[in-house]
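Here are the chains, one letter per residue:
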Amino acid sequence: MSRQYVGRSQSDRKVSVSGELFALTYGALVAQLVKDYETDDEINKQLNKMGYNIGIRLIEDFLARFPDIGRCYDLKSTADILAKQGFKTFLGIVPLVANWNAKGDEFSLILEYNPLCDFVELSEDHPNLLYSNIICGVLRGALEMVQLDVDVWFVQDTLKGDDTTEIRLKLNKRLEDAVPAGED
Amino acid sequence: VAILKMAVVCVSVISKENFPLYLRTVSTYIENDMGFHHIVHTAIDVIEEKISSVGTGRAGTDFREHYLGPLYPSEQYKIYGYATNTRTKFIIITENTTSQSRDTEINQFFKKLHQAYADMFCNPFYTPDTEITSKRFDRSVTDIFKDSESKLSKNEHHGNKN
């Protein structure tokens, strides 16, 4: 089974990358981090940081690609666009938006299938490794660029034996002033 | 025990340097494990011989089938071999109770094994040429054990003579 990802290079050519290559590339990245860092916490932090740097760029590409996406008036619209267009465009999947809290500032994205995890089996040496933590960083970085300060974290992970993969997102506050260009 | 007569009893994966990375015997045969290690070691030599002769055959073609068929005669078992282009080798051992050729069926098992191995190998946390501990791979091998048993009972239902 070969999944195709269609991207756009600078010259507007459509470039197709196979799903296997994508999964293997990410896997190589995580495996290298596992070698380079001592604790699972450190590795998770690095993945989040990398994700952040990807996210701040990805949002620019996304907004340029979909100019008709206007300002979102509430978090619910943001969540919808994230799931139905963001995830769809870049990962080819549409997670379910669910588990809203009473205040309406916290929700979950439920992924039935995570293309990053093709072929992956976690080893017992790293029980606290959040393999796909890069996604949390991407969401954090992307939303920061549209003035939303969010916390994003994994609640469930099929790699760890859970039934689904669930990512939770909490809106801390809206940012009024200019945001920093990136981390470190 | 009669039901297991033609089932796959042992599956092994050998690295390109000829180290066993995986050897699993079906549960009813566990006591016989040492015997299978010995069979597998002999089988490795036979496979090496077969794959080394590529290129010296007719028309000097480099094409080689992955499936190598039965490797050497044995009273109690049939020992089948399969070698990939990366020189990873698979061995399937069944009981030797029929003179019927089972090449097609065994080749299907090897293909499944090859796919399961490739999936396992793509795990970024698997170090190449080390022991295979993947639970997913274990399940694929269990499926092969089970499939070969159920194929047999199907044959019995259809009244095939063995």
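Reading the values: the criteria
- Residues numbered from 1 in each chain as written.
- Chains lettered and ligands numbered in written order.
- Predicted model: local features only at pLDDT ≥ 70, side-chain atom pairs only at ≥ 80, totals over all residues.
- Heavy atoms only, no water.
- Contact = heavy atoms within 4.5 Å.
- Buried area = accessible area lost by both parts, 1.4 Å probe.
- Salt bridge = Lys/Arg side-chain N within 4 Å of Asp/Glu carboxyl O.
- Polar contact = N/O pair within 3.5 Å; in protein donor to acceptor, adjacent residues only side chain to side chain.
- Nonpolar A, V, L, I, M, F, W, Y, C, P; charged D, E, K, R; others polar.
- Helix = DSSP H or I, 4+ residues; strand = E, 2+ residues; numbered from the N terminus.
- Buried < 20%, exposed > 50% of the residue type's maximum accessible area, 1.4 Å probe, protein only.
- Pairing = 2+ DSSP bridges.
- Axes fitted to C-alpha atoms, helices over the stretch in contact; angles between N-to-C directions.

(A) Inspection of the interface of chain B and chain A at higher detail. Listed by partner, the interface residues are 8 residues for chain B and 13 residues for chain A. Interface of chain B and chain A: buried area, both sides summed, is about 940 Å²; carbon and sulfur atoms make up 59% of it. Three residues, B:P124, B:F125 and B:R136, lead the burial of chain B against chain A; their summed loss comes to 58% of the area buried on that side. Put simply, chain B and chain A have 1 salt bridge between them. In this structure, the salt-bridge partner of B:K135 is A:E124, at a minimum N-O distance of 3.8 Å. Here chain B and chain A share 5 residue pairs in polar contact (both at pLDDT 80 or more) between them. Of the residues belonging to the side of chain B that touches chain A, the class tally is 3 nonpolar, 2 polar and 3 charged.

(B) Quick look at the environment of A:Q46. Residues and elements named next belong to chain A. Tracing the backbone shows Q46 in helix α2 (residues 40–65). Here Q46 falls in the buried class, since its relative accessible area comes to 13%. For the pair Q46 and G137, spaced 91 residues apart in sequence, the C-alpha separation works out to 9.3 Å.

(C) Representation of the sheet that holds strand β4 (residues 77–83) of chain B within the structure. Residues and elements named next belong to chain B. Read from one edge of the open sheet, 5 strands run β2-β1-β5-β4-β3, paired in antiparallel fashion. A single partner strand is all that each edge strand has here, and the edge strands are β2 (20–25) and β3 (67–70). Sheet twist, expressed as the mean angle between neighbouring strand axes with direction ignored, is 10°. Here 5 bridges tie strand β1 (residues 8–14) to β2, and the two strands are oriented antiparallel to one another. Bridged to C10 within β2 is T25. Across the sheet, helix α1 (residues 33–52) touches β1, β2, β3, β4 and β5 (89–95), and the angle it forms with β5 is around 125°.

(D) Main features of the sheet that holds strand β5 (residues 148–156) of chain A. Residue and element names in this part refer to chain A. Strands sit in the order β3-β4-β6-β5 across an open sheet of 4 strands; the sheet is antiparallel. With one partner strand each, in any of the chains shown, β3 (96–98) and β5 form the two edges of the open sheet. Sheet twist, expressed as the mean angle between neighbouring strand axes with direction ignored, is 25°. With 8 bridges joining them, β5 and strand β6 (residues 165–174) adopt antiparallel strand pairing. Among the inter-strand pairings, L148 is bridged to a residue of β6, identified as R174. Set on the sheet, helix α3 (residues 75–91) makes contact with β3, β4 (106–111), β5 and β6; between it and β4 the angle comes to about 20°. Against the sheet, helix α4 (residues 134–144) makes contact with β4, β5 and β6, and its axis sits at roughly 165° relative to β5, the strand it touches most.

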